[in-house]
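# Coordinates in review
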Amino acid sequence: MSGSFLLKWHIRKEYITSLLLPLKFTQQCRFNHCQPRLIFKMNEVFLRYEKGNDTFDVSFRYVNPDLNVDRQFNFTRKSTETISNFLKRINANVGKIISNKQARKLKKKAKAASAGIEVVSLPVEEQEVKALFLQNDEPINEELSCETILQNTENLTLVVGNMIYSIKLNAPWISDLALPSSMLAGFPVYPSKLECMHMNKEKSIFIWSKSNVIHQEKHSGKIVKEWQDVGKGFVYLPTTSDIGYKLKLSCLPINEKYSGPVIEAESPSVVEAGPGHCPFETRHAFTATKLSGKSFRIVSYNILADTYADSDYSRESLFPYCPPYALAIDYRKQLILKELLGYNSDIICLQEVDAKVYSMDLLPFLSTYKYDGVYNKKGCQVSEGLATLFNAERFENLYFEFTLISENVHVDVFNDVWSKIKNDKFKERFLERNTTVQVTVLQSKENPSEIIVIGNTHLYFHPDADHIRLLQAFYALIYTRSVAESIKKKYPSKNVSIILCGDFNSSPQDGIYHLMTQNHIPENHKDWCANPEEAVQSVSLSHDLELASACGTPQYTNYTVEFADCLDYIFYQTNSLKVAQIVPMPSIEELQLHSALPSVVFPSDHISICADLKWII
């Protein structure tokens, strides 16, 4: 039995019931967030409780066909209260609903009997509804605490009136579900919000449907939408035939033991036409197949954090040539994810990653395609940071750590250099930076003897800060190497290779490129005097790693109206790795088609760099 059929069966079973007993709910869109709808089975009680908590949550659906009652109840109760008190609350709440229904029935009868003359409804006493718990078909001692039943729900049932409920403790549960405000034909759509508990996303069933047919019922005035199933799975790729349609996602959450209630969410807007051909799609022709064996593909990409793009200053001063809608993260992230997915990369190093974009977009989306990842922000006061994602089918994450450079200058080799710097203004400025280095250690599953230590960083941006960046780059390199050395001691039989990726904010003519590829920066290098008041004297830098830039030195990896140059690199060890392919960069005509970057077809002011590497040992 297919997952699609299972979900439709659960939903349609409830719909058949609702034809007789319509669920009364209001679907509203507020602040571009359409309220989701939970669809409960009639004979299940859901208990949500974590051991040690003072409270627990209860949800169930009560149906009384005679009174046309179909109502969902939700309670939060103290785990220490008696079962008797808990049942009294159920009795009171269900009884109140029944009493209100009966009162309305009596009022209608009275109006009919009086031939249209208004009469006051007759008073009705609140109905008593007997609720009790049974375990192995025997009543439970109601003087016990609720914690007693929470610890053992085996063969436990709840009886409310003439309805009998099975108990599901910590069944999969979705507390919130939402679809994005921007959806483009040809670009992946997935939940913009999925808040869940005890749910296995891979086992759960997702069904997508669309509707643009709306009519109003004559007798009730209710707006009715007709939905057509169009796809299944966590991700849906809208086609041109979906343009102008709203989308709806229905999810049946499942884990290893239970299924939870179905939840539905409707998109706040319709699918729109995409921007046309994007230059990264031309690049995808070189990455159409996944690699295997001794080869792997790596991407480095500054994706332009929303915190820097979504501001009046960005729209009016930094990127005035880019339409405001194309600067919005809901638009840009669709392009970013389609671009990343099309590279079929094994390792993805990203900079300027908003924390929310990582947790709500990058990781949920890419995990659907067997990626895993790590993330850290650049200090406590910054909302963006670094992310390294990897193909979990090809690599195992052995280790991960990161450091804020300014908080760890007195470490190992770097301290020797730091102690030689006498310019206090330089030191003060260096220590004010929130520059971070992230290191991830991956072991190849196909070649278990191979381990890669991947450094990922984003250096200080200011034009007069070549001296700051030079020392930051040196720190990033020796920090990554120190991790590699410790890994080599732990796994002496393995081959350990170093890769250092990122946005170095430094052109090939500056010191960082020379440091990486020529191993030495002398005391008189021009970068030390980038800011005369902060000049560094009598300091040289050197290392013994054999490094090269995997993508060489493209003319541009950053392209705006005010500035354009090569700033991004993938440095790799040439004595253990070699370049098998460099994915071509966009042409200057493509970069200038919409003045500069970002644009409707480029989601960032940077261009991703991508290369295929191969172990040579």
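Cut-offs and rules
- Every chain is numbered independently, its residues counted from 1 as its sequence is written.
- The predicted origin of the model limits local features to residues at a pLDDT of at least 70 and limits the giving and counting of side-chain atom pairs to 80 or more, whereas totals for whole chains, interfaces and linings rest on all residues.
- Working from all heavy atoms in the structure, the side-chain values ignore hydrogens and water.
- Only Phe, Tyr and Trp rings take part, Trp by its six-membered ring, and two of them pair if their centres are within 6.5 Å. Stacked means planes under 30 degrees apart, edge-to-face means over 60, and tilted covers everything else.
- The rule for a charge over a ring is simple: NZ of Lys or CZ of Arg within 6 Å of the ring centre, and within 35 degrees of the ring normal.
- Each residue carries a pLDDT value, the predictor's own confidence for that position, ranging from 0 to 100.
- Contacts: residue pairs with any heavy atoms within 4.5 Å of one another.
- Going along the chain from the N terminus, every DSSP run of H or I of four or more residues is numbered as a helix, and every run of E of two or more is numbered as a strand.
- Partly exposed residues are those whose accessible area sits between 20% and 50% of the maximum for their type, while under 20% is buried and over 50% is exposed, using a 1.4 Å probe and protein chains only.
- When charges are counted, neither His nor the chain ends are considered; positive counts come from Lys and Arg and negative counts from Asp and Glu.
- Here, a salt bridge means any Lys or Arg side-chain nitrogen found within 4 Å of an Asp or Glu carboxyl oxygen.
- We call two N or O atoms a polar contact when they sit within 3.5 Å, provided that within protein one can donate a hydrogen and the other can accept it, with sequence-adjacent residues counted only if both atoms are side-chain atoms.
- By definition, two strands form a pair when at least two bridges between them are found by DSSP.
- Lines fitted to C-alpha atoms define the axes, with helix axes restricted to the stretch in contact, and inter-axis angles between N-to-C directions lie between 0 and 180 degrees.

The description of an aromatic ring pair rests on the distance of the ring centres and on the angle between the ring planes. Within this structure, the stated rule accounts for 33 aromatic pairs. Plain terms: the ring middles of Y460 and F461 are 5.5 Å apart, the flat faces sit at 70° to each other, and that makes the pair edge-to-face. Across from the ring centre of F73, 5.9 Å away, lies the NZ or CZ of R71, which sits over that ring. Geometry around Y245 places K210 over its ring, the cationic atom sitting 4.3 Å from the centre.

Another point: the confidence of the model for the protein. Overall, the prediction assigns the protein a mean pLDDT of 91, with 90% of residues at 70 or greater. Of the regions scoring below 50 in pLDDT, residues 1–33 engages in 59 contacts with residues more than four places distant in sequence or in other chains. Across residues 119–126, where pLDDT falls below 50, the model places 15 contacts with residues more than four positions away in sequence or in other chains.

Along the chain, D568 turns up in strand β30 (residues 568–573). Although buried, D568 forms no salt bridge, and the nearest oppositely charged side chain, R283, lies 10 Å from it. At 2.6 Å, the side chain of D568 forms a polar contact with the side chain of T557. At 2.9 Å, the side chain of D568 and the side chain of H606 are in polar contact. Here D568 is in contact with N302, Q351, G502, D503, T557, H606 and I609, once residues within four sequence places are set aside.

Further remarks concern the environment of N53. Mapped onto the fold, N53 is located in the loop between β4 (44–48) and β5 (55–64). Its relative accessible area of 39% is what places N53 among the partly exposed residues. Each C-alpha atom of the pair N53 and T80 lies 9.9 Å from the other, and the pair is 27 residues apart in sequence.

This part covers the sheet that holds strand β18 (residues 347–354). Here we have six strands laid out as an open sheet, ordered β19-β20-β18-β17-β32-β31, and mixed in their pairing. Edge positions in the open sheet fall to β19 (371–377) and β31 (577–582), since each of these has one partner strand only. Each adjacent strand pair in this sheet contributes to an overall mean axis angle of 25°, direction not counted. Relative to strand β32 (residues 609–615), β31 runs antiparallel, the two being bridged by five bridges. Considered in β32, the bridge of L577 is made with W615.

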